[in-house]
Structure formats: C-alpha cells, structure tokens
Amino acid sequence: MQSVLCCATLAHITRMSLLITRTQGVDIQIDRSEEQKLRTDLQTRSDADGERLKRYLGMPDLSRTPESPIAELVNRIVARPYFQGFDRIEVPEVVRADISFDLFNFPENHPARSRSDTYYVTDTHILRTHTTVMWYYYFASDVVRERIAKNEAFGVFSHGKVYRKDEIDRNHMNIFHQMDGLYMVPKAQKDLSRADLEEALVEVAKGLYGGEIEYRFNEDTFPYTHPSLEMEVKVGDRWIEVLGGGIVHPSVLEKLDVDPNVYTGWAFGFGLERLAIISMALPDIRLLWSTDPRVKSQLQLGHTFVPVSKFPPITRDISFVVQNDFIPNNYFDVIRDLGGDLVEEVKLLDTYENAEKFGADRRSYTYRIVYRSNERTLTTEEIDPIQAKIYAETASLFKADMR
C-alpha cells in the first residue's frame, strides 16, 4: 500500500464542517418481524449447526453493555461534537445474503459468500458479516426518505456484533463488534472530496486516541466505496491500522434508490475489539467477554491490563486424514462447540498429501490445541474428556481417519 499523507498530530488538520442542521439525531426504529420469525424457527432446530447459531445469537452485544470498553469506544465517537445530529440505528443480526453481498458490489466469487466463511441460517439468510448492512435499512426508513425528498444532509451510526468464521487464537474470535458511520449531503450543497473523508476519519481517531497522535492515510480498496482509504496511527514505535473509509460508490447509491447525481456521501467502518486490545495491551481477546471481577475491574480504556495470573496451558495434538474438501473453519467451529472459551489457540503443525499412503484426494492434518483459562489453572482431568469428544467428533463429522 502507498502511504499518501502523514501529519504530526491529529490536532493539525484543517477542520471543515458537516451540513446537518439538526442538533439531535433520531433513533431509527425498523421492522424486525422477518428476523424474529427466523429466530423463532431456529429455536425448533436441534442439529449441531442450529445449536451453534442459537448460542452465538444469545451472546451479549458488548457495544451495548455499559461497563464494557467496547461500548465506551462507541460512546466516545458518538459524543464528538463534529457528529452532532447523527442518527443511530440498530439493525437485525440475521439478514438476507443478497443484501449483504449483492447490494455492496461483492463479486460472485468473493470468499465472504462461501459457507466456509459465513454462517448461513437458511439458504437465503445469514448472520450478518458487517454492520455496513445498515445502509439498506437506513435508506429504506421513512425518516430518511423524507429527508431526501427535502434535499437535506444527514448521517448515521450503527454498531453491534458481526459473525465470520475464523481461526482460533488470542487475537481472533468468530464473533466480534463493528461500528459504521455514514454521511450524505446533496451535491448542490457540497460535492464531497477526499479531504472531507480524511477529516471525518481524523475526528473518529480523535475520539479514540485524543488529539496528540501521529497518523497517516493509505490508499485502499472496498467494493462499496471509491476512492477508499485506510487510516493508521502510531502507537509506540508501530503503525496500527485503526479504520477504513471511502466515498460511497454511485452504483451502490443507485441500488439503494438514491440518485448519485443528486447525493454524495462518505462512510467508514472498523472493528472495535482490536482498538480495545491495543488501548489496554490485552494479551487475549477472550478477556473482553470475561465475567471474572478481577478481570472486569481492569477493562478500562487506556489502562494497561495486568494479568490476574499466568495460568499454565495444557496442549493436546490431534492428527487425521480427510478428503481434500475439508474446511478448517468448520473444524474450528466444532472445537469451539466442545471446548468453549477454554480453547486459547488451535495451531496447524503440519499438512501434506501422499496418494500412495492416504489415497487420492486425501490430505493429512496435524493440529495442536492449546487449552488455557485466564482465570484459573486447568487440570488434565477436565481437559481430557473434552479432547476425547473432539477426537470422536473429528472422526464422525469429517469422516476422518484418525492417526
């Protein structure tokens, strides 16, 4: 990526202004009956996938949990005077796949459309993979259609849980939180440029880190904005990517029934966990979900986390041979099902093919499962039954030959 701008501190950027005339935004309410029916239908399922989806949907939204640093990050940004008059919208967690992908210019072969990357509730509905999906609901609301008819400027924030199949380690979870912002203005009032986008991203970074921090912009690519940028800030001696944004793509506006010849806009989005981890020097993403008072009392932005204790890990290796259509992300979900938050990491130690030894179209995998609690010392008596279940399910669900 090419670095395109670097300034000494956030305080040095020239401030323009948004053109929203109202001083108070609106909490946009939307019809969630479709999602509620899907959730009700899901409750009748007892298969492994159904049980997994119910468990994920039942986990708390930390961006709406008052004592969570994830919620504090949201509040800091929303409170910026620059964003005065912005609306807020809460959208379904079960959404149509076509809204998530087609509407936002995701190519037909994009990995996010695959069941190996995304949780499908039905053939047509998924657990949302990004909070940018809020654009669909926001532009369809009566409040926004009325503003468009009046040629007004407007903006909105959305935040909450998103779901993506992922590896297991101390920095990644398959459930995390995102925040999105969107600003729209009639071109007759202002034709937004890259400078306007940069200003908005700087305001977000000020909310997160204060004014005295170095930053820079890099060119980036997103399917639903152009041009697009990522923003990095300097933390210690490292440059850390904190958020991305862009000018809303005209083709997406057309799909949302907004005339791109009349309106222009910028948008940004970012994951909240990563910023919280950086702010508190958290050694493990699972700590953000902890209910241990010794942990929760330390989860304050800007406070360097001191581990309650360094509890020892228990490691177990597992080796097997499967067909080449084996999907590791699906395997990680099974391990999550059985090991829960006791699983710190799953490392791939080795993988190879040997047609003479295993047969055609078959591959050997060896994984190391690292068990560790952030709150207590685990015992082999506790872990061995879990490992035995993982062994049995590996053989049964994936038709694996165990080694």
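Residues numbered from 1 in each chain as written. Predicted model: local features only at pLDDT ≥ 70, side-chain atom pairs only at ≥ 80, totals over all residues. Heavy atoms only, no water.

**Observations regarding the overall build of the protein chain**
Assigned secondary structure in the protein chain consists of 13 helices and 15 strands. Taken over C-alpha atoms, the radius of gyration comes to 23 Å for the protein chain, in line with the 22 Å a tight globule of 403 residues would show. Seen through its principal axes, the protein chain has C-alpha atoms that stretch 70 × 45 × 40 Å. Evaluated residue by residue, the protein chain yields a buried proportion of 51% over its 403 residues. Taking the contacts inside the protein chain whose residues are at least 6 apart along the sequence as the reference set, 72% of them involve residues at least 24 apart. Total accessible area on the protein chain stands at roughly 18,300 Å², and carbon and sulfur atoms take up 48% of it. Separation of charge centres in the protein chain, based on 49 positive and 62 negative side chains, amounts to 2 Å. (Helix = DSSP H or I, 4+ residues; strand = E, 2+ residues; numbered from the N terminus. Rg over C-alpha atoms; globule rule 2.2 N^0.38 Å. Buried < 20%, exposed > 50% of the residue type's maximum accessible area, 1.4 Å probe, protein only. Contact = heavy atoms within 4.5 Å. Areas by Shrake-Rupley, 256 points an atom, 1.4 Å probe, with all protein chains shown as cover. Lys, Arg positive; Asp, Glu negative; His and termini not counted. Charge placed at Lys NZ, Arg CZ, Asp CG, Glu CD.)

**A few points about the sheet that holds strand β14 (residues 362–371)**
The sheet built from 4 strands is open, its strands ordered β13-β14-β12-β15 with antiparallel pairing. With partners counted over all chains shown, the strands left at the sheet margins are β13 (343–352) and β15 (401–402), one partner each. Two elements, strand β12 (residues 314–323) and β15, share 2 bridges in a ladder whose sense is antiparallel. Bridged to Phe320 within β15 is Met402. Lying over the sheet, helix α13 (residues 380–397) contacts β12, β14 and β15, oriented at roughly 5 degrees with respect to β12. (Pairing = 2+ DSSP bridges. Axes fitted to C-alpha atoms, helices over the stretch in contact; angles between N-to-C directions.)

**Considering the pairing of strand β6 (residues 154–163)**
The element β6 is extensively covered by neighbouring structure, given that 10 of its 10 residues are classed as buried. Where strand β3 (residues 87–89) meets β6, 2 bridges bridge the pair, whose relative direction is parallel. Pairing of Arg88 across the sheet is with Phe157, part of β6. The pairing of β6 with strand β7 (residues 175–186) spans 10 bridges and is classified as antiparallel.

**Structural notes on the environment of Ser309**
Structurally, the position occupied by Ser309 is in the loop between α10 (293–296) and β12. Residue Ser309 is classed as partly exposed on the basis of its relative accessible area, which comes to 37%. On a C-alpha basis, the gap between Ser309 and Ser141 in space is 50 Å, while along the polypeptide they are 168 residues apart.

**Here we look at the nonpolar core**
Buried together is how nonpolar side chains tend to be arranged in soluble globular proteins. Counting 61 residues, the largest nonpolar core has Phe83, Tyr183, Met231, Trp266, Phe268, Phe270 and Leu288 as its most contacted members. Ranked by residue count, the leading element in this core is helix α7 (residues 194–209), at 7 residues. Not counting the four nearest positions on each side in its chain, Tyr183 is found in contact with Leu18, Leu19, Ile20, Phe86, Ala153, Phe154, Gly155, Leu192, Thr264, Gly265 and Trp266. Within the second largest apolar cluster, 34 residues are counted, among which are Val91, Ala97, Phe106 and Met184. (Core = buried A, V, L, I, M, F, W, Y, C linked by side-chain atoms within 4.5 Å.)

**Here's the deal with the packing of aromatic side chains**
What the rule picks out here adds up to 36 aromatic pairs. Plain terms: the ring middles of Phe86 and Trp266 are 6.3 Å apart, the flat faces sit at 25 degrees to each other, and that makes the pair stacked. Within this pair, whereas Phe86 is found in the loop between α3 (69–78) and β3, its partner Trp266 is found in strand β11 (residues 263–271), the two being separated by 180 residues in sequence. Of the two residues, Phe86 and Trp266, neither departs from the other in class, the shared state being buried. Here the aromatic rings of Tyr136 and Tyr137 are separated by 5.0 Å at their centres, their planes lie at 85 degrees, and the arrangement is edge-to-face. Judged by relative accessible area, Tyr136 falls into the partly exposed class, the value being 29%. With a relative accessible area of 13%, Tyr137 lands in the buried category. (Phe/Tyr/Trp six-rings, centres within 6.5 Å; stacked < 30°, edge-to-face > 60°.)

**Concerning the pattern of salt bridges**
Under the defined criterion, the tally for this structure stands at 37 salt bridges. Where Glu146 meets Lys150, a salt bridge forms, and the shortest distance between an N and an O atom there is 3.1 Å. Here Arg194 ties to Glu198 by a salt bridge, and the two come within 2.8 Å at their closest N and O atoms. Separated by 4 residues within a single helix, Arg194 and Glu198 lie in helix α7, roughly one turn from each other. Residue classification places Arg194 among the partly exposed residues on the basis of a relative accessible area of 28%. On the basis of relative accessibility, which here comes to 10%, the residue Glu198 falls in the buried class. Each of the salt bridges in this network shares a partner with another, and the network as a whole consists of Arg32, Glu35, Arg39, Asp61, Arg64, Glu90, Glu93 and Lys161. (Salt bridge = Lys/Arg side-chain N within 4 Å of Asp/Glu carboxyl O.)

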